[in-house]
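What follows is the residue order along each chain.
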Amino acid sequence: MTSRARERVLVVGDDVRIFLAVVRSLGRAGKEVHAAPFNWHSPALKSRYIAAVHYFPRYSDDPAAWCASLLATLRAGDFNLIVPCDDPAIYPLDAHRNELAAYPIAIPSPLVMSLLFDKDNTRKLCLDLGIPITPGARLASGDTAQKLVGQFGLPLVIKPRQSYWIDRLDVMGKTSIMESKADLEALLGSLNDRSRYLVESHFAGVGVGVSVLAQNGKILHAFQHRRLREGRGGPSSYRVSEPINEELYGACEKTCAHTKLTGVCMFEFRYNLANHSWILIETNARFWGSMPLPLSLGLDFPRFLYDLLVHQVTHPPISYPAGIRARNLVLDGFNLFSAARNLHRGQIGGWIADLGDYFTQPIRWLTGNERSDTFVMDDMGPGFWECLTLPRSIGHKVTRVVIGKPNRRRSKRTAGKPAAGV
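Heads up: these notes are all about the structure in this document. (Residues numbered from 1 in each chain as written. Predicted model: local features only at pLDDT ≥ 70, side-chain atom pairs only at ≥ 80, totals over all residues. Heavy atoms only, no water.)

### A few points about the overall build of the protein
- For the protein, the count of helices and strands is 15 helices and 15 strands.
- What you see for the protein is a C-alpha radius of gyration of 21 Å, in line with the 22 Å of a compact globule of 422 residues.
- Across its three principal directions, the C-alpha atoms of the protein cover 65 × 50 × 45 Å.
- For the protein, the proportion of its 422 residues judged to be buried stands at 53%.
- Carbon together with sulfur atoms contributes 55% to the accessible area of the protein, which is approximately 18900 Å² in total.
- Between the centroid of the 51 positive side chains of the protein and the centroid of its 39 negative side chains there is a distance of 3 Å. (Helix = DSSP H or I, 4+ residues; strand = E, 2+ residues; numbered from the N terminus. Rg over C-alpha atoms; globule rule 2.2 N^0.38 Å. Buried < 20%, exposed > 50% of the residue type's maximum accessible area, 1.4 Å probe, protein only. Areas by Shrake-Rupley, 256 points an atom, 1.4 Å probe, with all protein chains shown as cover. Lys, Arg positive; Asp, Glu negative; His and termini not counted. Charge placed at Lys NZ, Arg CZ, Asp CG, Glu CD.)

### Things to note about the pairing of strand β8 (residues 197–201)
- Burial analysis of β8 places five of its five residues in the buried class, the great majority of the element.
- Burial along β8 is two-sided: the residues Tyr197, Val199 and Ser201 and Leu198 and Glu200 are all buried.
- For strand β5 (residues 136–138) and β8, the ladder comprises three bridges, and the chain directions are antiparallel. Bridging across to β8, Arg138 finds its partner in Leu198. (Pairing = 2+ DSSP bridges.)

### Some points on the packing of helix α6 (residues 145–152) against helix α7 (residues 181–190)
- The N-to-C vectors of α6 and α7 enclose an angle of 125 degrees; their axes lie 9 Å apart at closest approach. Taken together, the axis directions place α6 and α7 in an arrangement best described as oblique. In this structure, α6 meets α7 at a crossing whose hand is right-handed. For the pair formed by α6 and α7, the contact residues are Ala145, Gln146, Leu148 and Val149 on the first element and Lys181, Leu184, Glu185 and Leu188 on the second.
- Of the residues assigned to the contact of α6 with α7, the class counts are five nonpolar, one polar and two charged. (Axes fitted to C-alpha atoms, helices over the stretch in contact; angles between N-to-C directions. Parallel < 35°, antiparallel > 145°, perpendicular 65-115°, else oblique. Left-handed = near helix turned anticlockwise from the far one by under 90°. Contact = heavy atoms within 4.5 Å. Nonpolar A, V, L, I, M, F, W, Y, C, P; charged D, E, K, R; others polar.)

### Description of helix α1 (residues 18–28)
- Counting buried residues along α1, 10 of its 11 residues qualify, which places the element largely inside the surrounding structure.
- Looking at the residues trailing α1, positive phi occurs at Gly30, about 90 degrees.

### A look at the pattern of salt bridges
- Applying the stated criterion to the full structure yields 30 salt bridges.
- The closest approach of N and O atoms between Asp373 and Arg239, which form a salt bridge, is 3.1 Å. Taken together, the residues Asp373 in the loop between β15 (370–372) and α14 (381–388) and Arg239 in strand β11 (residues 236–242) connect sequence positions 134 residues apart.
- On the basis of relative accessibility, which here comes to 0%, the residue Arg239 falls in the buried class.
- By sharing partners, the salt bridges in this structure join Arg229, Arg327, Asp332, Asp354, Asp357, Arg364 and Glu370 into a single network. (Salt bridge = Lys/Arg side-chain N within 4 Å of Asp/Glu carboxyl O.)

### Describing the sheet that holds strand β13 (residues 278–284)
- Strand order in the open sheet formed by seven strands is β13-β12-β9-β10-β11-β14-β15, with mixed pairing between adjacent strands. On the outer flanks of this sheet lie β13 and β15, each paired with one strand and no other. Here the strands of the sheet are splayed against their neighbours by 30 degrees on average, with no regard to which way each runs.
- One ladder, built from eight bridges, connects strand β9 (residues 206–215) with strand β10 (residues 218–230); its direction is antiparallel. Considered in β10, the bridge of Ala214 is made with Ile219.

### Considerations on the side chain of Ser47
- By the secondary structure assignment, Ser47 is in the loop between β2 (32–36) and β3 (50–53).
- Contacts of Ser47, omitting those with residues within four sequence positions, involve Leu20, Val23, Arg24, Asp379 and Pro382.

### Remarks on α7
- All of the buried residues in α7 are Leu184, Leu187 and Leu188. What you see down the axis of α7 is that its buried residues fit within an arc of 100 degrees, all on one side. Opposite the buried face of α7, at more than 90 degrees from it, the exposed residues are Ala182, Ala186 and Gly189.
- Along its buried surface, α7 packs onto α6, β6 (156–160) and β7 (176–178). (Arc of directions from axis to C-beta.)

### Some thoughts on the environment of Asp307
- Relative to the assigned elements, Asp307 resides in helix α10 (residues 301–311).
- Each C-alpha atom, one on Asp307 and one on Val206, is 34 Å from the other, the two residues being 101 residues apart in sequence.
- Setting aside its immediate chain neighbours within four residues, Asp307 contacts Gln312, Val313 and His315.

### Notes on the state of the cysteines
- Scanning the entire structure with this criterion turns up zero disulfides.
- Of all cysteine sulfurs, the one in Cys256 lies closest to Cys252, which takes part in no disulfide; the gap is 6.4 Å.
- Classification of Cys252 by relative accessible area gives buried; the value is 0%.
- Free of any disulfide, Cys265 has its nearest cysteine sulfur in Cys256, 6.1 Å distant.
- On the accessibility criterion, Cys265 (0% relative accessible area) is buried. (Disulfide = S-S within 2.5 Å.)

### Remarks on the nonpolar core
- Leu10, Leu70, Val212, Phe267 and Phe269 are the most contacted members of the largest nonpolar core, which has 49 residues in total.
- Sequence-distant contacts of Val212, that is, excluding residues within four places in its chain, are made with Ile219, His221, Ala222, Cys252, Cys256, Gly263, Val264, Cys265, Phe267, Trp288 and Phe301.
- Grouped together as the second largest cluster of nonpolar side chains are 42 residues, Ile18, Val53, Cys85 and Leu299 included. (Core = buried A, V, L, I, M, F, W, Y, C linked by side-chain atoms within 4.5 Å.)

### Notes on the packing of aromatic side chains
- In this structure the tally under the stated criterion is 10 aromatic pairs.
- Here the aromatic rings of Phe287 and Trp288 are separated by 6.1 Å at their centres, their planes lie at 45 degrees, and the arrangement is tilted.
- The exposure class assigned to Phe287 is buried, which follows from its relative accessible area of 3%.
- Members of the aromatic cluster, connected to one another through ring pairs, are Phe287, Trp288 and Phe301.
- Seen from the ring of Trp165, Arg196 lies directly overhead, with NZ or CZ sitting 4.6 Å from the centre. (Phe/Tyr/Trp six-rings, centres within 6.5 Å; stacked < 30°, edge-to-face > 60°. Lys NZ or Arg CZ within 6 Å of the ring centre and 35° of its normal.)

Structure, rendered in structure tokens:
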């Protein structure tokens, strides 16, 4: 590395949840942040902390061209660390480990990739470690709706073993909660490769996440949140900080120790508030969508990971307050209005109250009781830009829900845009 005034990091991604939180964290820490987006028009690219943007060919179109373009940028850029923010960024880097071996990349080890990125392997690991999971199995070609309902009951869950696959980086796999045999029959008929899916019994409870940073299998930092609103089988859009649950933390400890994890991971649990039973749903051994909340409370996971990997420096554990809420403006609005379609008469009053809570959230930003994923005082651009694109964003989401339109992560209008210089 040549000497320079600021350390430089390349952050791969573009969303306003994970990517934007990582960019802000490292930018505030004084790093020169470069971005490598998929969506060249993302509101997150308006962040004041982004010093340069690099446009690579789409991996799905030409893996060799993507790799060559990335290598050229890494040779010229003198980066201290490359940080992929989501699965479509991680899988290509994992597939090209040998070509990229000379560069510092914050990706999980091959063992972690195998055990924690494939939900089928994660289930098997949980059985070995004595971690509770719901009954389930890999979906088989001969499975019928009648057979699955008889085995797992209703509702039941059909979910992809991986959110993305190296040969399908343009389309995110969706988890579906089936309420009826007729809906299940329709879904089974639409699946092209059943071996990529799991079927599980539905577990009644709320979503709880425990996020950690570990070194050689030992947890250095941990944070817990509970979901207040989520899409049906989708990510959280509204959440609250909680004290660490020792049983859930124990499951995280077992997994980290077994995989010798060095890096971050978010463990997703389902917790029954009535009887205190719980299961592990899945693991995300990467940065996660709810990260703006712990970041706002002082648990600076991106900076802590950077210091660990680049400088071999660890930080003391951080205490954080419970009861602080955070939400994603666009996603929470979409989830709130989507829920209106399935309201029963007795639920309308609660929904109206939630609607009022949604529109008055800026008041709680001022009091400090709630945080915004996108609106922060030192970097307002992405939040305002997201508001300007809100109608189009909701329109795209509704279109995908209604007609199943694939989630193309890059605009067709930018397909011919030339690569930008460093």
